Amino acid sequence: MTKRTLVIDPVTRIEGHSKITIQLDEQGRVADARFHVTQFRGFEKICENRPFHEMPALMARICGICPVSHLITSAKACDAILAVAVPKTAVHLRRILNLAQILQSHALSLFHLSSPDLLLGMDSDPLRRNLFGLAQTHPEVARDGIRLRQVGQTIIEILGGKRIHPAWVVPGGVSAPLTAEKRDQIRDLLPEGLVALNRRLDQFKELFAQFPEEVDSFAHFPSLFLGLVDDHGDLEHYNGPARVIGSGGAVVKDGFAAGAYPEYIGEINEHDSYLKSAYYKPFGYPDGIYRVGPLARLNIARRCGTPRADRELEDLRALSKGPALASFHYHQARMVEMLFCLERIEQLLNEPAILDTHVRAQAAVNAEEGIAMAEAPRGLLLHHYKVDRDGLVRWANLIIATGHNNLAMNRGVLQTAQRFVDGERLTEGALNRVEAVIRAFDPCLSCSTHAYGQMPLEVELRDVSGGLLDVRRR
Amino acid sequence: MKKPLIIGYGNPLRGDDALGIRAAEKIELLLPPRTATVITCQQLTPELASAIAEASEVWFLDAGLEIGVRVTSLSPAAAPGRLLTHYHSPESLLAFTQDLYGDAPPAKLVVGSAFQFGPGERLSERACRVVEEMAAVVAESLAGHSTRKAVRSSAV
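Calculation rules
- Residues numbered from 1 in each chain as written.
- Chains lettered and ligands numbered in written order.
- Predicted model: local features only at pLDDT ≥ 70, side-chain atom pairs only at ≥ 80, totals over all residues.
- Heavy atoms only, no water.
- pLDDT = per-residue confidence, 0-100.
- Contact = heavy atoms within 4.5 Å.
- Axes fitted to C-alpha atoms, helices over the stretch in contact; angles between N-to-C directions.
- Helix = DSSP H or I, 4+ residues; strand = E, 2+ residues; numbered from the N terminus.
- Parallel < 35°, antiparallel > 145°, perpendicular 65-115°, else oblique.
- Left-handed = near helix turned anticlockwise from the far one by under 90°.
- Nonpolar A, V, L, I, M, F, W, Y, C, P; charged D, E, K, R; others polar.
- 1 Å grid on protein atoms, 1.4 Å probe; cavity = no way out; pocket = protein on both sides within 12 Å on 5 of 7 lines; lining within 4 Å.
- Points joined across faces, edges and corners; volume = space filled by probe spheres on them.
- Core = buried A, V, L, I, M, F, W, Y, C linked by side-chain atoms within 4.5 Å.
- Buried < 20%, exposed > 50% of the residue type's maximum accessible area, 1.4 Å probe, protein only.
- Salt bridge = Lys/Arg side-chain N within 4 Å of Asp/Glu carboxyl O.

Caption draft 1: Representation of the confidence of the model for chain B in the model. Confidence in the prediction for chain B averages 88 pLDDT; 87% of positions are at 70 or higher. The low-confidence segment residues 145-156 of chain B (pLDDT under 50) makes 14 contacts with residues lying over four places distant or belonging to another chain.

Caption draft 2: Looking closely at the packing of helix α1 (residues 19-30) of chain B against helix α4 (residues 125-143) of chain B. Residue and element names in this part refer to chain B. Contact geometry for α1 and α4: axes closest at 8 Å, N-to-C directions at 50°. On the basis of their axis angle, the class for α1 and α4 is oblique. Read as a crossing pair, α1 and α4 show a hand that is right-handed. In contact with L19, G20, R22, A23, K26, I27 and L30 of α1, α4 contributes A127, V130, V131, E132, M134, A135, V138 and A139. Tallied by class, residues from the contact of α1 with α4 come to 11 nonpolar, 1 polar and 3 charged.

Caption draft 3: Spotlight on empty space enclosed by the protein. Residues and elements named next belong to chain A. Applying the stated criterion across every chain, the model contains 4 cavities of 30 Å³ or more. Of the volumes computed, that of the largest cavity is approximately 70 Å³. Considering the residues around the largest cavity, the lining is formed by 12 residues, among which E267, K276, L398, I400 and G403 are closest to the centre. Of all the secondary structure elements, the ones that give two or more residues to the lining of the largest cavity are β10 (277-280), β14 (393-399) and α13 (401-404). Taken together, the residues of the lining of the largest cavity break down into 5 nonpolar, 5 polar and 2 charged. Volume-wise, the second largest cavity comes out at about 50 Å³. Residue lining of the second largest cavity: C66, H70, A376, R378, L381, I400, A401, T402, C444 and C447, and that is the complete set.

Caption draft 4: Focus on the layout of surface pockets. Residues and elements named next belong to chain A. The computed volume of the second largest pocket comes to approximately 340 Å³. Along the wall of the second largest pocket there are 19 residues; nearest its centre are R95, D230, L235, E236 and R344. Top element by residues in the lining of the second largest pocket is helix α4 (residues 88-120). It accounts for 5 residues. Per-class residue counts for the lining of the second largest pocket are 5 nonpolar, 6 polar and 8 charged.

Caption draft 5: Region of the structure containing the nonpolar core. Judged by nonpolar contacts, the single largest core of 128 residues is most densely connected at A:I22, A:I155, A:F204, B:I7 and B:F60. No other element matches the 14 residues that α4(A) contributes to this core. Ignoring sequence-local partners within four residues, the contact set of B:F60 consists of B:I7, B:Y9, B:L44, B:I52, B:L74, B:P90, B:L93, B:L94, B:A107, B:K108, B:L109 and B:V110. One finds A:M55, A:C63, A:L82 and A:A396 within the second-largest nonpolar core, a separate group that totals 26 residues.

Caption draft 6: Quick peek at the pattern of salt bridges. Residue and element names in this part refer to chain A. All told, the structure shown has 36 salt bridges over all chains when counted by the stated rule. Across the salt bridge formed by E337 and R297, the nearest N and O atoms sit 2.7 Å from each other. One end of the pair, E337, is in helix α12 (residues 330-349); the other, R297, is in helix α10 (residues 294-300), and 40 residues separate them in sequence. There is no split in this pair, since E337 and R297 are both buried. A single network of salt bridges, built from pairs that share partners, joins R13, D117, R129, E428, E435 and R439.

Structure representation (structure tokens):
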């Protein structure tokens with residue numbers, strides 16, 4: 001047998017465009033496997049020479065799933081350029097918006113994208129292994145997934161004016177305060193979300209336990225974990241320094257602020273993907289592999305800080321000795337975080353000053369650089385801008401959750417392919433598992449491909465009949 | 001009590017592709033308050049199923065390369081085919097609603113002529129006239145014959 005390459009193109013039920021290649025050796029065994037992101041957005045370049053105050057609204061256009069994360073992180077970077085203290089009420093309101101986004105995004109990932117694998121089976125008919133098949137076989141699950149997503153989207157709409165690409169978060173705060181009527185509308189949505197989630201929690205925990213092979217092989221390996229924590233070391237999605245822990249749970253680095261990221265986070269361009277790979281700089285590339293996102297956040301945090309989510313966190317932690325190293329557990333981590341989001345939003349709505357009308361600090365350009373971090377649904381998001389004295393953006397760097405996870409996703413694809421793919425007896429179910437390990441990370445590829453001037457590029461010039469005239473490679 | 005649902009969809013940044021959205025907004029102005037629920041969106045997504053299930057009837061409003069305004073009655077798709085998270089056809093969305101909630105209301109698709117899909121938030125002049133026509137067709141149907149004259153005069 002000769003060496004062969006299997007190509008899975010496109011990878012389905014993820015956000016964005018990508019493919020997977022699997023290299024088989026002469027014996028038909030998996031020698032290598034790679035995850036390639038095939039789309040390019042380029043927002044790092046697009047934003048150059050634009051006024052910095054346009055950045056939140058512009059950056060939100062990066063994504064239709066998690067625009068709020070870019071909106072908030074961008075606004076925080078602009079807060080640093082203004083050098084203002086954002087009013088406390090505005091911080092609470094931004095937090096609510098971010099939590100609503102995490103809720104709707106996690107519901108999309110778990111119920112719309114991954115549930116068909118879990119409920120219909122990894123080996124089930126691919127024509128039915130989708131949301132439509134789920135609606136036919138498990139309508140009650142699909143209904144609850146849709147309802148949970150709606151709760152998050154509706155909160156975003158109430159606060160931001162629209163479900164996708166709201167522009168309510170601005171440099172210095174938010175553009176309008178919360179009214180009592182809107183607060184009550186949001187509050188009224190929460191119980192239904194909790195009921196829908198509680199209906200699915202036990203069912204899905206039992207379901208997850210039916211996939212021991214996938215738990216063992218879906219990116220199950222030691223790595224670092226990175227995320228934000230609050231001052232007490234608890235789960236944090238908006239502020240706080242970053243913490244890095246090792247696979248045994250020991251803290252490797254605690255409390256690095258956004259401005260210190262160049263010291264700790266390195267980025268490298270792979271030859272076969274538009275997605276940059278991030279690594280923990282002190283450990284070098286590729287030893288500095290780490291994971292971000294819901295599982296990482298729950299691994300590094302002392303606790304969630306809300307009662308129901310903390311009970312669920314105990315169940316998640318009971319699955320592993322020390323930090324959960326199995327990326328399959330990302331699914332369960334999403335459920336814990338959805339619960340946290342609903343509980344925490346209620347707590348924030350009960351803050352005494354939540355209706356305060358002072359929600360924006362005004363200033364001109366006071367700093368020529370702004371760096372900010374916040375937690376997006378898929379993990380740590382970092383925006384870094386340099387501006388001139390007129391406030392025009394001269395340079396930008398975006399490090400996106402999916403980029404943080406790129407090394408781990410690639411290693412996970414290889415691990416899963418080596419476990420399930422047999423070059424002599426290829427099955428659709430085996431190839432689906434190679435895609436499903438990517439789904440566990442819930443990558444958002446449209447968010448994450450902004451490198452400019454370094455990525456590999458090949459341009460072919462052809463005549464009208466298709467004849468090759470010239471090729472330029474970088 | 002169940003109310004009619006109007007879903008206008010299209011890309012508001014691509015010229016006449018926003019015909020359906022603009023027509024839905026116009027209908028909301030033409031009808032008495034709380035007569036119908038109006039939703040505007042870029043694409044048909046699964047979450048719309050719950051609103052469809054709660055409606056007495058559904059009107060989908062879209063831009064197309066038709067001549068004038070075409071109204072078609074819809075049925076849930078018998079074979080929905082490949083279902084994408086970001087996009088449904090009206091028929092597949094009706095079938096999805098039927099599977100999820102046990103039933104789907106009567107539905108119609110109103111497609112109006114679009115003339116340019118270039119970047120921009122403005123409709124072409126001809127498309128603006130099509131919006132008026134689309135809105136009048138739906139509003140007249142929902143308001144009934146007795147109010148037709150009033151609706152027609154305010155639509156022009």
